[in-house]
Amino acid sequence: MKKLLLISFLILFSSLFVASDFETLQFEFVQIRAVQNTELMTNFIERLESEDLGDIEILTLLADSHREYANWIEDKKDRETHYKKARELAEKAIEMDDSYGMAYYVKGAAIGQLAEMAGIIQSMFLITDFDKSIDKAMELMPDSPFPFIAKGMRDRDTPWPYRNYGKSEERFLKAIENDPAYINSYYELALLYQVWKKKDLAAQYFRKVLELEIQTDFVVQGQESKEKAKKWLEDNGY
């Protein structure tokens, strides 16, 4: 609660200014993402819309804010609307500068979510679009864990002939190499080993999830991963 009040104060204080630089906005975004508060993100999106959207970083941040917000809500229609908006804004950012990796990541991640919600035929076309965007993000952001996690999930969760557990494993291990402190890389790798019927390896990485400290940038996400990892270990006799 104290953390939420502090975040609310920081956002209110910063909103007194007509415009903010990207670093300030990015800081606020990270704080809201950490606690996954939909009300704060709604207000933040409204504020971003009044910022300089000719700035590719701010435009992409707006796209990513729509994507994150969609991840936290349950209404399917609203989720789809925000994922589509995230994709649209990310595509505009790419038109401004086709070497900005984060825009490709946001576009690809939004498409991936839309593919999960689509029918079989439509999802096949979306997977192709996802691959193009995330592959480009991996090329332009080789030190970030996020595009590699997205690609690993795609290789793990899509049906044949797209599924490739070996490639998925490579992606998740690369994500861990890029950021050894990020809990969800280990969690997603554990899920891979679970569906791959490699239970001992799954247990190893679920235990790693429990061992790692929760990052302040991903509080709610880290807590949820730890709870799910603990339950899996208990349910499977580890």
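Residues numbered from 1 in each chain as written. Predicted model: local features only at pLDDT ≥ 70, side-chain atom pairs only at ≥ 80, totals over all residues. Heavy atoms only, no water.

Helices that pack against each other are described as a pair by the angle of their axes relative to one another and the distance between those axes. Their axes nearest at 8 Å, the elements helix H6 (residues 101–117) and helix H7 (residues 120–140) cross at an angle of 155 degrees. Between H6 and H7, the crossing angle belongs to the class labelled roughly antiparallel. Seen from above, H6 lies across H7 with left-handed handedness. Along the contact surface, H6 presents Gly101, Tyr104, Tyr105, Lys107, Gly108, Ala109, Ile111, Gly112, Leu114 and Ala115, while H7 presents Ser123, Leu126, Asp129, Phe130, Ser133, Ile134, Lys136, Ala137 and Leu140. (Axes fitted to C-alpha atoms, helices over the stretch in contact; angles between N-to-C directions. Helix = DSSP H or I, 4+ residues; strand = E, 2+ residues; numbered from the N terminus. Parallel < 35°, antiparallel > 145°, perpendicular 65-115°, else oblique. Left-handed = near helix turned anticlockwise from the far one by under 90°. Contact = heavy atoms within 4.5 Å.)

Further remarks concern the packing of helix H8 (residues 146–157) against helix H9 (residues 165–178). Interaxial distance between H8 and H9 falls to 8 Å at its minimum, and their mutual angle equals 160 degrees. Judged on the interaxial angle alone, H9 and H8 are roughly antiparallel. Considering how the two elements wind past one another, H8 and H9 form a crossing that is left-handed. On H9, the residues that touch Phe148, Ile149, Lys151, Gly152, Met153, Asp155 and Arg156 of H8 are Tyr165, Lys167, Ser168, Arg171, Phe172, Lys174, Ala175 and Asn178.

One can find Asp135 in helix H7. Under the relative-accessibility criterion, Asp135 is labelled partly exposed at 35%. Sequence separation between Asp135 and Gly54 is 81 residues; the distance between their C-alpha atoms is 25 Å. (Buried < 20%, exposed > 50% of the residue type's maximum accessible area, 1.4 Å probe, protein only.)

Before going further, it helps to examine the nonpolar core. Membership of the largest hydrophobic core comes to 66 residues, with the highest contact counts inside it found for Met41, Phe44, Tyr105 and Phe206. When neighbours within four sequence positions are excluded, Met41 is seen to be in contact with Phe29, Ile32, Ser65, Glu68, Tyr69 and Trp72. (Core = buried A, V, L, I, M, F, W, Y, C linked by side-chain atoms within 4.5 Å.)

So, on to empty space enclosed by the protein. Inspection of the entire model under this criterion finds one cavity of 30 Å³ or more. Together, Tyr182, Ile183, Asn184, Gln215, Phe218, Gln221 and Gly222 line the largest cavity. Among the secondary structure elements, those contributing two or more residues to the lining of the largest cavity are helix H10 (183–195) and helix H12 (219–235). Partitioning the lining of the largest cavity into residue classes produces three nonpolar, four polar and no charged. (1 Å grid on protein atoms, 1.4 Å probe; cavity = no way out; pocket = protein on both sides within 12 Å on 5 of 7 lines; lining within 4 Å. Points joined across faces, edges and corners; volume = space filled by probe spheres on them. Nonpolar A, V, L, I, M, F, W, Y, C, P; charged D, E, K, R; others polar.)

Attention now goes to the packing of aromatic side chains. A full pass over the atoms with the stated rule returns 11 aromatic pairs. Both rings, one in Tyr193 and one in Trp196, keep their centres 6.2 Å apart while their planes meet at 5 degrees; by these two values the pair is stacked. Aromatic side chains Trp232 and Tyr238 sit 5.6 Å apart centroid to centroid with 15 degrees between the ring planes, which places their arrangement in the stacked category. Through a chain of ring-to-ring contacts, the aromatic side chains of Tyr165, Tyr186, Tyr193, Trp196 and Tyr205 assemble into a single cluster. Lys198 extends its terminal NZ or CZ atom over the ring of Trp196, reaching a point 3.6 Å from the ring centre. (Phe/Tyr/Trp six-rings, centres within 6.5 Å; stacked < 30°, edge-to-face > 60°. Lys NZ or Arg CZ within 6 Å of the ring centre and 35° of its normal.)

With that out of the way, let us pick up helix H3 (residues 38–48). The complete set of buried residues in H3 reads Leu40, Met41, Phe44, Ile45, Arg47 and Leu48. Buried residues of H3, seen end-on, are gathered within an arc of 160 degrees and therefore sit on one face of the element. Two or three places before Glu39, at the start of H3, stands the capping residue Asn37, its side-chain oxygen 3.1 Å from that residue's backbone nitrogen. (Arc of directions from axis to C-beta. Polar contact = N/O pair within 3.5 Å; in protein donor to acceptor, adjacent residues only side chain to side chain.)

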